[in-house]
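Understanding the architecture of this molecule
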Amino acid sequence: METKRPKGRGRTFRPRNVWTRVALNSIAAIVIACSVFPVYWMVNMSFTPPQKIISREPAFFPVEFTWKNYVTAWTREAAPGQTDFVHGLGASIGVALAVVVVCALFAFLASIALARFAFKGRWVFIISVLIVQMVPGEAMMYTTFNMLDSWQLVNTLFGLFLVHLASVVPFTIWTLRGFVAGVPADLEEAAQIDGCTKAQAFWKVTFPLLAPGLVSTGIFAFIQSWNEFTMALLLLQGYNLTLPPWLNSFQSATEATNWGAVMAGSTLIALPVVIFFLFVQGRMVGGLVSGAVKG
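Fair warning: this is a prediction, and the values are worked out from it, not measured in the lab.

Calculation rules
- Residues numbered from 1 in each chain as written.
- Predicted model: local features only at pLDDT ≥ 70, side-chain atom pairs only at ≥ 80, totals over all residues.
- Heavy atoms only, no water.
- Patch = residues over 30% accessible without salt bridge, like charges linked within 9 Å, V, L, I, M, F, W, Y side chains within 5 Å.
- Areas by Shrake-Rupley, 256 points an atom, 1.4 Å probe, with all protein chains shown as cover.
- Salt bridge = Lys/Arg side-chain N within 4 Å of Asp/Glu carboxyl O.
- Helix = DSSP H or I, 4+ residues; strand = E, 2+ residues; numbered from the N terminus.
- Buried < 20%, exposed > 50% of the residue type's maximum accessible area, 1.4 Å probe, protein only.
- Lys, Arg positive; Asp, Glu negative; His and termini not counted.
- Contact = heavy atoms within 4.5 Å.
- Arc of directions from axis to C-beta.
- pLDDT = per-residue confidence, 0-100.
- Core = buried A, V, L, I, M, F, W, Y, C linked by side-chain atoms within 4.5 Å.

1. Description of a nonpolar patch on the surface
On the surface, Ile32, Val36, Phe37, Tyr40, Phe60 and Phe61 cluster together to form a nonpolar patch covering roughly 630 Å² of accessible area. Mapped onto the elements, valine 36 comes out in helix 1 (residues 15-46). Taking relative accessible area as the criterion, valine 36 reaches 48% and is therefore assigned partly exposed.

Encoded structure:
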């Protein structure tokens, strides 16, 4: 008796499909290489002596390896009367972590209210949050500066913290609202039937499912605060500089720019973001796993 072959099995790849996959993978490899190469070049130049950097034949590898660029970037002031890298690092870490914690708290509570409760003006508030997020920060620079100046918060880290917080909270609320709305309320009701209180049902059932969203929005808030340059340059000066305006002053402090030290400073600025992401990515995966429901 002749047996029929099940559909979908024993398929052979046509040459056309193989070449299509090869072409797509090649394009992806080129895009990745173009994205990674500037970062590699920055790190390469940070280990290269300054006289070799300005050579007409730059080396793709640091042949004359040196740590002097990092020592210069770590110890030298950006300019006379301005901060050095260590103080700028402390200021950036303090502002960024405060933004992450406060933003997560406010956005988490607001997203729960918007996704779980029906109240008058809810959609107006949601649309207002989205519209505020669309307005570029540069359009409000003059107003923001005058407002902080009237509060005597210009050239203070707390003033910069308020600006960063106001810029990331709308997007965080909008993103977290989607996470909260994606968790069925029936899960909490089932937990309450099993004997949990409403608070216990939320923290034991709903919150683990929201952990990946909190981590994702926390990463966004940290990166936005860490890399923000325009308002930090406008509001801060002297010894209160965070790292982005510090690097700008460090680069333009002398007529002959020490590009090796500038690249070393840029590498040191990028490292905390990489470390922060490596620290929280495990918790993002852990939140996804802990939110699984056994059948």
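2. Brief notes about the pattern of salt bridges
This structure, assessed with the given rule, holds 2 salt bridges. In this structure, glutamate 64 and lysine 52 form a salt bridge, with 3.5 Å as the shortest nitrogen-oxygen distance. Of the two residues, glutamate 64 sits in the loop between helix 2 (50-53) and helix 3 (68-75) while lysine 52 sits in helix 2, which places them 12 residues apart along the sequence. Taking the relative accessible area as the measure of exposure, lysine 52 reaches 39% and is therefore partly exposed.

3. Details of the side chain of arginine 177
Within the secondary structure, arginine 177 is located in helix 7 (residues 157-181). No salt bridge is formed by the buried arginine 177; its nearest oppositely charged neighbour, glutamate 188, is found at 15 Å. Here arginine 177 is in contact with Ser111, Leu114, Ala115, Trp123 and Ile126, once residues within four sequence places are set aside.

4. Let's talk about unusual backbone geometry
Unusually for a residue other than glycine, glutamine 152 sits at a positive phi of about 60°. Examined against the element boundaries, glutamine 152 turns out to sit in the loop between helix 6 (141-150) and helix 7. Of note in the backbone geometry, asparagine 155 takes a positive phi value of approximately 65° without being a glycine. Relative to the assigned elements, asparagine 155 resides in the loop between helix 6 and helix 7. Residue classification places asparagine 155 among the partly exposed residues on the basis of a relative accessible area of 22%.

5. Some words on the environment of serine 225
Its place among the elements puts serine 225 in helix 9 (residues 198-227). Here serine 225 falls in the buried class, since its relative accessible area comes to 7%. In this structure the C-alpha to C-alpha distance between serine 225 and alanine 98, which are 127 residues apart in sequence, comes to 9.7 Å.

6. Some points on helix 3
The complete set of buried residues in helix 3 reads Asn69, Tyr70 and Ala73. An end-on view of helix 3 places all buried positions within 95° of arc, on one side of the element. Across helix 3 from its buried face, at more than 90 degrees, point the exposed residues Lys68 and Thr75.

7. Details of the confidence of the model for the protein chain
Taken residue by residue, the protein chain gives an average pLDDT of 83. The fraction at 70 or more is 89%. Within the model, the stretch residues 287-295 combines pLDDT values under 50 with 6 contacts to residues more than four positions away or in other chains.

8. So, the environment of glutamate 189
Assignment of secondary structure puts glutamate 189 in helix 8 (residues 185-193). A relative accessible area of 47% places glutamate 189 in the partly exposed class. Once the C-alpha coordinates of glutamate 189 and phenylalanine 202 are considered, the two residues, 13 residues apart in sequence, prove to be 9.6 Å apart.

9. Some thoughts on the nonpolar core
Among soluble globular proteins, nonpolar side chains are generally buried collectively. Ranked by internal contacts, the top residues of the largest apolar core, which has 49 residues, are Phe85, Phe108, Phe222, Trp226, Leu243, Trp246 and Ile269. Of all the elements in the fold, those that place two or more residues in this core are helix 1, helix 3, helix 4 (85-116), helix 7, helix 9, helix 11 (243-252) and helix 12 (259-290). Sort the elements by how many residues they give to this core and helix 4 lands first, with 12 residues. With residues up to four places along the chain from it excluded, the contact list for phenylalanine 222 reads Ala96, Leu97, Val100, Pro272, Val273 and Phe276. With 9 residues, the next largest nonpolar core counts Leu153, Ala232, Leu235 and Leu241 among its residues.

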